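Residues per chain are reported as follows:
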Amino acid sequence: MRFSLLAVLVSFATPAFGQGQVNVYNWSDYIDPVQLKDFGKQTGIKVNYTTYDSNEILDAKLKSGQSGYDIVVPTASPFFVRQIAAKLYQPLDKLRLRNYQNLDADTMALLGKYDADNRYGIPWMWGTIGIGYNATEIRKRMNNAPVDSLRMIFDPATVSRFTDCGVMILDSATDVLPAALKYLYLDPDSKKPEDLAKAAKVVDAVRPYIRKFHSSEYINALAGGDICLAFGYSGDILQAKDRAAAAPEKRVINYNVPNEGAMVWMDVAAIPKGAPNIDNAYRFLDFMLDPKVAAASSTLTNYANGNAAATPLLAKSMSGNKSIYPNADARSHFYTITAGNAAEVRERTRLWTAIKTGQ
Amino acid sequence: MSSKTSLRAVIAVPYAWLAVFFLLPFALVLAIALGTNDPDSVPPVALGFSLENFARLFTDKLYVAAWLSSLRIAAVSTLGCLLLGYPMAYAIARATPARRPLLLMLVVLPFWTSFLIRVYAWIGLLSENGMLNQFLRWSGLSDHPGTILGTEWAVHLGIIYAYLPFMVLPLYATLEKLDVSLLEAASDLGAKPIAAFLTVTLPLSLPGIVAGCLLVFIPAVGEFVIPDLLGGTRTLMIGKVLWDEFFTNSDWPLASAVAICLLVLLVGPIALFQRQQAKSLERAE
């Protein structure tokens, strides 16, 4: 049910409404600024572009009622799925998007797991969850380390060799438990308590060798040499790689997509219900679907985009980089997971807390 | 306007402030806590009158464990602040009046930098390749120093560092007002400095100690940022549990129930304590 007093009190600053504008709420540094300026010039639409740096902030704003945004870009899992369930978005009229056919069919199919028939969202940037490591430190401790396998993280005999140089894992039940299921060759999307218990056992067995479960600290820690192994987001690890290469120590950080199969993360552009400038929202989505814009933004962010027509426009160093654009074989093992109902979400979170804290 | 009505008007302002910004939000949080989780609506709450959320807090041992662990961490950190803050406040209060503003300024100075940046700075100090370990290796004091970052010690350090000014300022306020002639009298009557401190200074500065401890202890119990950044995975704190309920499970009612319990369990004993204090002060007068 709705109760508007709460909505009013909880809602935060709301952008101004009016004609000739579009209110875009996006991650920082996520659209090429030159292209963004051009959009404003060509269409005469004033773009109110505001940014956030965590899904939680966006989630809280949308859930507390009228946000006033026309375009938002949440991460597919677990946020966008849950927001669809809460009926926060309006279905897209694809006929209004001239550039819709540019989208990559495989990416759309992966996204379809969260958003049946791609009714509500279009994929913007995506990446994988995999293994980041300091090549020198790993080789010192294990010559033939299985750096492209989940054994690196989930096999106690392997991961224990790297305890002294530091291992970090994402603090995220929705990212790590499916990977542990994959490691066991079970369905990563399984919600069966007995399967999840097996996955929990896997993580529990390696916990003594993990310095910390955290969802962002590993970027600096890998780059600065405080850890030598991380299970995290491709984009973050590539960022650590760049930073490490620029530092005087010249640490070599690599990212590998696990060959057992990688979970795909994806950020999705969608139109919230009650968006004040629908027409302009569609024009902006069409702008995001323009291959030029997607390619320029990928170059800026180092992430792959969901736009098939943009791939030829990318530099070879990007489209040919298999940690950004994995080859067809790796792609065939990609997976995504469904959200689960409230009870399943609670169970999973509880299980995760139990793994981390022993409580 | 008579002075009485103007006095009332002046008092009305803070009361109105409290009503609008404390009581009203509290009522809303209570209303949500009594509702049930409804993830498919906006906001994700079905109003009602259900004590199920509160019952859950006592059936799953997680919440009580998190609560106790938060209390323990806050208590240790408060003690640390007191042991460090008391000599500081004492020294400032005994400094020449001309120098005091400068010393107080130094206590407040860290507030001019973002809290988050200051906590991040501790990561740089305490991490495996941080400045502390670099120094230990360079000086030859230890070849394989352990890592403090990611342990409960780091959380204590962080809280003590961040909250120290809240301990020093109220202590300074009471110590500064302390009549020095009382100490002279104690000394004239044969009390050694330590005895004079324990029987005169310490009891008279008790209000400052209580105020400082409350100012540190209460926010430290609900602290989220410091344990998240400096603590390890095993550090269980109620702030993190609340975060998980709100954002990971998007269960606003249960999160609200946790918040209400936190408030009641903190405010209850403190209100009682304050009343005891007020009574004993009256008796003393």
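Keep in mind that what you see is a predicted model, and the values were worked out from it rather than measured. (Residues numbered from 1 in each chain as written. Chains lettered and ligands numbered in written order. Predicted model: local features only at pLDDT ≥ 70, side-chain atom pairs only at ≥ 80, totals over all residues. Heavy atoms only, no water.)

**Things to note about the pairing of strand S9 (residues 264-270) of chain A**
All names here are of chain A. Most of S9 is tucked away, with seven of its seven residues classed as buried. In S9, alternate side chains face the same way, and those of Val264, Met266, Val268 and Ala270 on one face and Trp265, Asp267 and Ala269 on the other are all buried. With six bridges joining them, strand S4 (residues 121-134) and S9 adopt antiparallel strand pairing. Within S9, the position partnered with Gly127 by the bridge is Trp265. (Buried < 20%, exposed > 50% of the residue type's maximum accessible area, 1.4 Å probe, protein only. Helix = DSSP H or I, 4+ residues; strand = E, 2+ residues; numbered from the N terminus. Pairing = 2+ DSSP bridges.)

**Brief notes about the interface of chain B and chain A**
Reports of interface size often rely on the accessible area that becomes lost once the parts have come together. Each partner contributes residues to the interface: chain B has 41 residues there, and chain A has 37 residues. The interface formed by chain B and chain A holds four salt bridges in total. Two residues, Lys240 of chain B and Asp171 of chain A, come together in a salt bridge whose shortest N-O distance is 3.6 Å. Counting residues per element, the ones that place at least two in the side of chain B that touches chain A are helix H1 (3-33), strand S2 (45-46), helix H3 (61-94), helix H11 (225-230), helix H12 (238-248) and helix H13 (252-284) of chain B. (Contact = heavy atoms within 4.5 Å. Salt bridge = Lys/Arg side-chain N within 4 Å of Asp/Glu carboxyl O.)

**Here we look at the environment of Ala19 of chain B**
Relative to the elements of secondary structure, Ala19 of chain B occurs in helix H1. Separated by 88 residues in the primary sequence, Ala19 of chain B and Val107 of chain B place their C-alpha atoms 33 Å from one another.

**Quick notes on H12 of chain B**
All buried positions along H12 of chain B are accounted for by Ile238, Gly239, Val241, Asp244, Glu245 and Phe247 of chain B. Ser250 of chain B lies just past H12 of chain B and shows a positive phi near 40 degrees.

**Re the domain arrangement of chain A**
All names here are of chain A. Looking at the assigned domains, one finds that chain A contains domain 1 (4-127 + 264-326) and domain 2 (128-263 + 339-357). The straight-line distance from the C-alpha centre of domain 1 to that of domain 2 is 28 Å. Taken together, the contact pairs 13 residues of domain 1 with 15 residues of domain 2. Interface area for domain 1 against domain 2, summed over the two sides, is near 1100 Å², with a carbon-plus-sulfur share of 63%. Taken as a group, Val264, Trp265 and Ser323 account for 39% of the area that domain 1 buries against domain 2, more than any other trio of residues on that side. (Domains from an automatic or database assignment. Buried area = accessible area lost by both parts, 1.4 Å probe.)

**What to know about helix H5 (residues 115-126) of chain B**
Residues and elements named next belong to chain B. Given a rise of 1.5 Å per residue, 12 residues ought to cover 16 Å, and the 17 Å separating the end C-alpha atoms of H5 matches this to within 8%. Every buried residue of H5 is listed here: Arg118, Val119, Trp122, Ile123 and Leu126. Along the axis of H5, the buried positions cluster into a sector of 165 degrees, meaning they face one direction only. Among the structural elements, helix H6 (131-139), helix H7 (152-177) and H11 are those in contact with the buried residues of H5. One side-chain oxygen at the N-terminal end of H5 lies 3.2 Å from the backbone nitrogen of Leu116; it belongs to Ser114. (Expected span 1.5 Å × (residues − 1). Arc of directions from axis to C-beta. Polar contact = N/O pair within 3.5 Å; in protein donor to acceptor, adjacent residues only side chain to side chain.)

**Remarks on the nonpolar core**
All names here are of chain A. Membership of the largest hydrophobic core comes to 119 residues, with the highest contact counts inside it found for Phe162, Leu229, Phe284 and Met288. Per-element accounting of this core gives the leading share, seven residues, to S4. Each of domain 1 (4-127 + 264-326) and domain 2 (128-263 + 339-357) contributes no fewer than three residues to this core. (Core = buried A, V, L, I, M, F, W, Y, C linked by side-chain atoms within 4.5 Å.)

**Structural notes on the packing of aromatic side chains**
Enumeration according to the criterion identifies 26 aromatic pairs over all chains in this entry. Ring centres of Phe39 of chain A and Phe287 of chain A lie 4.7 Å apart, and the angle between their planes is 35 degrees; this geometry places the pair in the tilted category. Taken together, the residues span a long stretch of sequence, with Phe39 of chain A in helix H2 (residues 33-43) and Phe287 of chain A in helix H13 (residues 278-288) at a distance of 248 residues. Phe287 of chain A carries the same exposure label as Phe39 of chain A, and that label is buried. Ring geometry for Phe213 of chain A versus Trp352 of chain A: centroids 5.4 Å apart, planes at 85 degrees, classification edge-to-face. With a gap of 139 residues between them, Phe213 of chain A in strand S6 (residues 212-213) and Trp352 of chain A in helix H17 (residues 342-357) connect regions that are remote in the sequence. Taking the relative accessible area as the measure of exposure, Trp352 of chain A reaches 4% and is therefore buried. Cluster of aromatic residues (ring-pair linked, three or more members): Phe224, Trp243, Phe246, Phe247 and Trp252 of chain B. The ring centre of Tyr90 of chain B lies 5.0 Å from the NZ or CZ of Arg94 of chain B, which sits over that ring. (Phe/Tyr/Trp six-rings, centres within 6.5 Å; stacked < 30°, edge-to-face > 60°. Lys NZ or Arg CZ within 6 Å of the ring centre and 35° of its normal.)

**Quick look at the side chain of Glu245 of chain B**
Along the polypeptide, Glu245 of chain B turns up in helix H12. On the basis of relative accessible area, Glu245 of chain B is assigned to the buried category, the value being 4%. In terms of polar contacts, Glu245 of chain B uses its side chain to reach the side chain of Arg346 of chain A, at 2.8 Å. Residues contacting Glu245 of chain B, with those up to four places away along its chain left out, are Arg346 of chain A together with Tyr63, Ser250, Asp251, Leu254 and Ala255 of chain B.

**A few points about the state of the cysteines**
Overall, the coordinates contain one disulfide over all chains when judged by the stated rule. The side chain of Cys165 of chain A participates in a disulfide bridge whose partner is Cys228 of chain A; the two sulfur atoms lie 1.9 Å from each other. On the sign convention where negative is left-handed, the bridge of Cys165 of chain A and Cys228 of chain A, at about 50 degrees about the S-S bond, is right-handed. With Cys165 of chain A in the loop between helix H8 (156-159) and strand S5 (167-169) and Cys228 of chain A in the loop between helix H11 (218-223) and strand S7 (229-233), this pair connects stretches of sequence that are 63 residues apart. A relative accessible area of 1% places Cys228 of chain A in the buried class. Just so you know, Cys81 of chain B is unpaired, no disulfide at all, and the nearest cysteine sulfur is the one on Cys213 of chain B, 8.6 Å from it. (Disulfide = S-S within 2.5 Å.)

**Some details on the pairing of S4 of chain A**
Successive side chains on a regular strand alternate, one facing one side of the sheet and the next facing the other. Residue and element names in this part refer to chain A. Here S4 lies mainly inside the structure; 14 of its 14 residues are buried. Where S4 meets S7, five bridges bridge the pair, whose relative direction is antiparallel. Note that in S7 the partner of Tyr133 across the bridge is Leu229. Two strands pair when backbone bridges link them, and S4 and strand S8 (residues 253-256) are joined in this way by four bridges, in the antiparallel orientation. Directly across from Ile131, in S8, lies its bridge partner Asn256.

**Thoughts on the environment of Ile169 of chain A**
All names here are of chain A. Mapped onto the secondary structure, Ile169 falls in strand S5. When its relative accessible area of 0% is taken as the criterion, Ile169 is described as buried. Note: C-alpha distance between Ile169 and Val22 (147 residues apart in sequence) is 38 Å. Not counting residues within four places of it along the chain, the set of residues in contact with Ile169 comprises Ile153, Val176, Ile210, Lys212, Phe213, His214 and Phe231.

**Some thoughts on the packing of H17 of chain A against H12 of chain B**
Look at H17 of chain A against H12 of chain B: their axes get within 11 Å of each other, and the N-to-C directions meet at 155 degrees. Our classification of the angle between H17 of chain A and H12 of chain B gives roughly antiparallel. Considering only the axes of H17 of chain A and H12 of chain B, their crossing is right-handed. Contacts between H17 of chain A and H12 of chain B pair Val345, Arg346, Thr349, Thr353 and Lys356 of chain A from the former with Lys240, Asp244, Glu245 and Thr248 of chain B from the latter. In terms of residue class, the contact of H17 of chain A with H12 of chain B is made up of one nonpolar, three polar and five charged. (Axes fitted to C-alpha atoms, helices over the stretch in contact; angles between N-to-C directions. Parallel < 35°, antiparallel > 145°, perpendicular 65-115°, else oblique. Left-handed = near helix turned anticlockwise from the far one by under 90°. Nonpolar A, V, L, I, M, F, W, Y, C, P; charged D, E, K, R; others polar.)

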